Amino acid sequence: MIEWFFKIIWGIWLLMIFFAACRVFGFLGARRRQLKRWGDGSANQKQVALIVAVKGIDAKSTARFFDSIFTQNYSSYRTIICFEDWNDPIARWLCEQMDLSEKQPVWTNPLPNDGLQTVTLVAAGPTIHEGQKVHNQIAAFQQLTPDDKVIVFADADILCENHWLASLTAPINQGDYEIASTYRWLVPKRPTLANQFASVINASITTQGGSDKTNVLWGGSMAISQGAFNDIDVPTLFAGSLNDDLRLAKAARSKNYKITFVRDLVLPTMVDFTWPGFLEFARRQYTQVRIFSPILYRTWNSILLFYILGLALAIVGVVYEVFWAWIPIAGAYVIDQFRAIARQRVYTTLFQNEGIRRKLGGTAWLEHMLTPVWMLLHWLIVVSTWYKDRIKWAGIKYRIISPSQTRVLDRAEESMLMPSGIPNLEIYNRTPHGGTRPIQPLKEFAPEETESVAEEISKGQKSEKVSNSDEPLESSEIETEAISESIEETTEAEEAPSEVASESAEPDSYEALAAKYWTPGKEETEELAEEEVPIPLGSTDPPAKVITEAIPLPPTDTSAAETKTEDTSAIEQDEQDEQDEQDEQDEQDEQD
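Residues numbered from 1 in each chain as written. Predicted model: local features only at pLDDT ≥ 70, side-chain atom pairs only at ≥ 80, totals over all residues. Heavy atoms only, no water.

1. A few points about the side chain of Arg247
Logical step 1: Tracing the chain through its elements places Arg247 in helix α9 (residues 245–254).
Logical step 2: Salt bridges are absent for the buried Arg247, whose nearest opposite-charge side chain, Glu130, sits at 9.2 Å.
Logical step 3: With residues near it in sequence (within four places) discarded, Arg247 still touches Leu237, Ser241, Phe292, Pro403 and Ser404. (Helix = DSSP H or I, 4+ residues; strand = E, 2+ residues; numbered from the N terminus. Buried < 20%, exposed > 50% of the residue type's maximum accessible area, 1.4 Å probe, protein only. Lys, Arg positive; Asp, Glu negative; His and termini not counted. Salt bridge = Lys/Arg side-chain N within 4 Å of Asp/Glu carboxyl O. Contact = heavy atoms within 4.5 Å.)

Now the structure itself:
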């Protein structure tokens, strides 16, 4: 009787493994059908409002992300970037890049044929009763207009190509669906065990997909039509919630909206976890799944639990020398090999970048040889969240009381310093006026020192102070004050080249004004006397300086020069006297 029970469990276990492998094999086929159906997404494109909730700044990836979303191949869209506070480094960087401020938060693209129309910055303020990301999104919803026919959400850590927006909205623009989403594929930055286990576990979820009625949304890349957005009343739905994607997916299913999973848009996401970091990330995800999508949570619990049960019974059978136990073990091993090969075909088809392929190829040994190990780890992570209701996300600790009620427990103090080495946005190289001047690190200062900053700049000194003032002076205002003081101190003894430069420059030219009124120090004058080196674009050094006074030449020894001249004249006179005597002697010889 016990033996038959084991055989039944083993049979179901093998069928489950086989079914999961078939889903991986069917992934590329479903992708091809979607591509044939929607093409490149260029048909019937509607106005899009793209909402990006962001916090902090990364010197390597932030500029690349914004360059990618600002240069999408889409006919007409606008971007709303929402954050917590204007002092956030990402807000200050964007303001500097786009020449924006709290009073002027909208940038308008001067190129009429570009798809991107405007960029709007929104500061939501700190949250108390909901997730900070959701709080930022709710503030961004106030900027929506009736012309925004599709609302798109994106996370700032994704890597998307220029067809991303068109492909994501194609199912909605062509009238097939009201809601669309995709998912991420975690790519290890380094070949550590934590990164590789995270990548394999995540890939096992990504390649499963689902039917239109069971698909869920991923907040990193999702789109919803204006009609569905209003019908669900998303702003009210999000109020008090920690989560955006699972909450919206559940509400959409309750309204009988179908959700499509756009397989061609699976996005590579670079990760570099430590073991504590990976476990915290995974537990945070499953804690949200448990609270905001309980059916999905119970489903994954059941699948993983049954897999562990079948594996355990197979091991028990082998230990007790039951011959039949080797059959499910051998069958599972063979299926794992084919599934691993199929998953490799999926990511090599989706990602053309050889670097990404190589990094994912480093996880193949886990796929082929250690499936039971990472499945066991996956199950243990899920088990650890059975009663968990507190998470830490982006430096904020939350307690999730219910799907519509969240409490902020603690906030970590975060640095507001701007990291160095952040590239400029590429979009400004395509605008007629260059968008704004090259970015420079923000030189901040204490409120009591604001009066001395202009004087320091006029003298060519570099300020290293940091300001936490509620209303810091804009860099352009500081420069204007410095220029005004320099004008008053300018005397009539200024050199002509400086005057010519000021007349030919445009009145509102930052570089021309700085060049005219910058007074170099003594050491800088000596340096420029030898060679004047132009400051490269995007440099964090002060603007190019022009010397407004003639560089003094080293004094010469005039007495030595006069002595040398007198000696030369005496020699010439002696030579002339000798020549005259020789001529007289020749004449006397001829007469004799």
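2. Observations concerning the pairing of strand β8 (residues 221–225)
Logical step 1: Across the five residues of β8, five count as buried, placing the element largely inside the fold.
Logical step 2: Covered by surrounding structure in β8 are Ser221, Ala223 and Ser225 together with Met222 and Ile224, the residues of both alternating faces.
Logical step 3: As defined by bridge partners, strand β6 (residues 179–181) adjoins β8 across three bridges and the pair is classed as antiparallel. Across the sheet, the residue bridging to Ile179 is Ile224, located in β8. (Pairing = 2+ DSSP bridges.)

3. Re the pattern of salt bridges
Logical step 1: On inspection of all chains with the given rule, the structure shows 13 salt bridges.
Logical step 2: With a shortest N-O distance of 2.7 Å, Asp148 and Arg78 are connected by a salt bridge. With Asp148 in the loop between α4 (132–141) and β5 (150–155) and Arg78 in strand β2 (residues 77–83), this pair connects stretches of sequence that are 70 residues apart.
Logical step 3: Note on Asp148: relative accessible area 1%, which makes it buried.
Logical step 4: Taken together, the shared-partner salt bridges in this structure form one network comprising Asp336, Arg339, Arg343 and Glu367.

4. Some thoughts on the packing of helix α10 (residues 275–292) against helix α15 (residues 371–383)
Logical step 1: α15 packs onto α10 with a crossing angle of 60 degrees between their chain directions and a minimal axis gap of 9 Å. The orientation of α10 with respect to α15, classified from their angle, is oblique. The interaxial crossing formed by α10 with α15 has right-handed handedness. Counted together, Trp275, Phe278, Leu279, Ala282, Arg283 and Tyr286 of α10 and Leu377, His378, Ile381 and Val382 of α15 form the full contact between these two elements.
Logical step 2: Taken together, the residues that form the contact of α10 with α15 break down as eight nonpolar, one polar and one charged. (Axes fitted to C-alpha atoms, helices over the stretch in contact; angles between N-to-C directions. Parallel < 35°, antiparallel > 145°, perpendicular 65-115°, else oblique. Left-handed = near helix turned anticlockwise from the far one by under 90°. Nonpolar A, V, L, I, M, F, W, Y, C, P; charged D, E, K, R; others polar.)

5. Some thoughts on the sheet that holds strand β13 (residues 405–411)
Logical step 1: Taken in spatial order, the three strands make up an open sheet running β11-β12-β13, and their pairing is antiparallel. Here the strands that pair on one side only, and so sit at the sheet edges, are β11 (390–393) and β13. The average angle at which neighbouring strand axes cross in this sheet is 30 degrees, direction not considered.
Logical step 2: Note: strand β12 (residues 396–402) against β13, six bridges, orientation antiparallel.

6. Overview of the sheet that holds β5
Logical step 1: Spatially, β3-β4-β2-β1-β5-β8-β6-β9 is the arrangement adopted by the eight strands of the open sheet, whose pairing is mixed. The sheet is open, and its two borders are formed by β3 (106–108) and β9 (259–261), each paired with just one other strand. Going from strand to strand, the sheet's axes swing by 15 degrees on average, the running direction of each strand aside.
Logical step 2: Note: β2 against strand β4 (residues 116–123), six bridges, orientation parallel. Each residue of the ladder has a partner; that of Thr79, found in β4, is Val119.
Logical step 3: Helix α5 (residues 164–173) contacts β1 (48–53), β2, β5, β6, β8 and β9 of the sheet and is inclined by roughly 140 degrees relative to β5.

7. Notes on the nonpolar core
Logical step 1: In this structure, Phe66, Phe70, Trp93 and Trp164 are the most contacted members of the largest nonpolar core, which totals 60 residues.
Logical step 2: No other element matches helix α3 (residues 89–98), which puts six residues into this core.
Logical step 3: Filtering out sequence-adjacent residues up to four positions away, Phe66 remains in contact with Ile81, Ile90, Trp93, Leu94 and Leu425.
Logical step 4: In this structure, Ala198, Leu242, Trp374 and Val382 belong to the second largest nonpolar core, which totals 39 residues. (Core = buried A, V, L, I, M, F, W, Y, C linked by side-chain atoms within 4.5 Å.)

8. Re the environment of Val150
Logical step 1: Looking at the element boundaries, Val150 is found in strand β5.
Logical step 2: Excluding residues within four positions of it along the chain, Val150 makes contact with Lys46, Gln47, Val48, Ala49, Thr169, Ile172, Asn173, Ala223, Ile224 and Gln226.

9. Digging into α5
Helical periodicity: at 3.6 residues per turn, an α-helix aligns residues three or four positions apart in one direction.
Logical step 1: Taken across its ten residues, α5 has ten buried, putting it largely inside the fold.
Logical step 2: Among all positions of α5, only Trp164, Leu165, Ala166, Ser167, Leu168, Thr169, Ala170, Pro171, Ile172 and Asn173 are buried.
Logical step 3: Just past α5, the residue Gly175 takes up positive phi, approximately 80 degrees.

10. As for helix α11 (residues 294–319)
Logical step 1: Along its 26 residues, α11 runs 37 Å from first to last C-alpha, staying within 8% of the 38 Å computed at 1.5 Å per residue.
Logical step 2: What α11 keeps buried is the set Tyr297, Trp300, Asn301, Leu304, Tyr307, Ile308, Gly310, Leu311, Leu313, Ala314 and Gly317.
Logical step 3: Directly beyond the C-terminal end of α11, a positive phi value near 60 degrees is found at Glu321. (Expected span 1.5 Å × (residues − 1).)

11. Describing the environment of Thr108
Logical step 1: Its place among the elements puts Thr108 in strand β3.
Logical step 2: Along the primary structure Thr108 and Val119 are separated by eleven residues, whereas in three dimensions their C-alpha atoms are 6.6 Å apart.

12. Overview of the pairing of β11
Logical step 1: Sheet topology note: the β11/β12 ladder contains four bridges and is antiparallel. Bridged to Lys392 within β12 is Lys397.
Logical step 2: As consecutive antiparallel partners, β11 and β12 are separated by two residues, and within that stretch Ala394 has a phi angle of approximately 55 degrees, a positive value.

13. Observations concerning the confidence of the model for the protein
Logical step 1: Chain-level statistics for the protein give a pLDDT mean of 80 and a share of 72% at 70 or above.
Logical step 2: Low pLDDT, under 50, characterises residues 433–450; the predicted model gives this stretch 52 contacts beyond four residues in sequence or across chains.
Logical step 3: For the stretch residues 460–566, pLDDT sits under 50, and the model shows 95 contacts to residues farther than four places along the chain or on other chains. (pLDDT = per-residue confidence, 0-100.)

14. Let's talk about a nonpolar patch on the surface
Logical step 1: Taken together, Phe25, Tyr333, Val334, Phe338 and Met369 make up a surface patch of nonpolar side chains, about 520 Å² in accessible area.
Logical step 2: Within the element layout of this structure, Phe25 appears in helix α1 (residues 2–38). (Patch = residues over 30% accessible without salt bridge, like charges linked within 9 Å, V, L, I, M, F, W, Y side chains within 5 Å. Areas by Shrake-Rupley, 256 points an atom, 1.4 Å probe, with all protein chains shown as cover.)

15. Points about the packing of α9 against α10
Logical step 1: Where α9 meets α10, the axes come as close as 9 Å, and the angle between the chain directions of the two elements is 25 degrees. The orientation of α9 with respect to α10, classified from their angle, is roughly parallel. Of the two possible hands of crossing, α9 and α10 adopt the one that is right-handed. Facing Leu246, Arg247 and Lys250 of α9, the residues of α10 in contact are Gln288, Val289 and Phe292.
Logical step 2: Of the residues contributing to the contact of α9 with α10, the split by class is three nonpolar, one polar and two charged.

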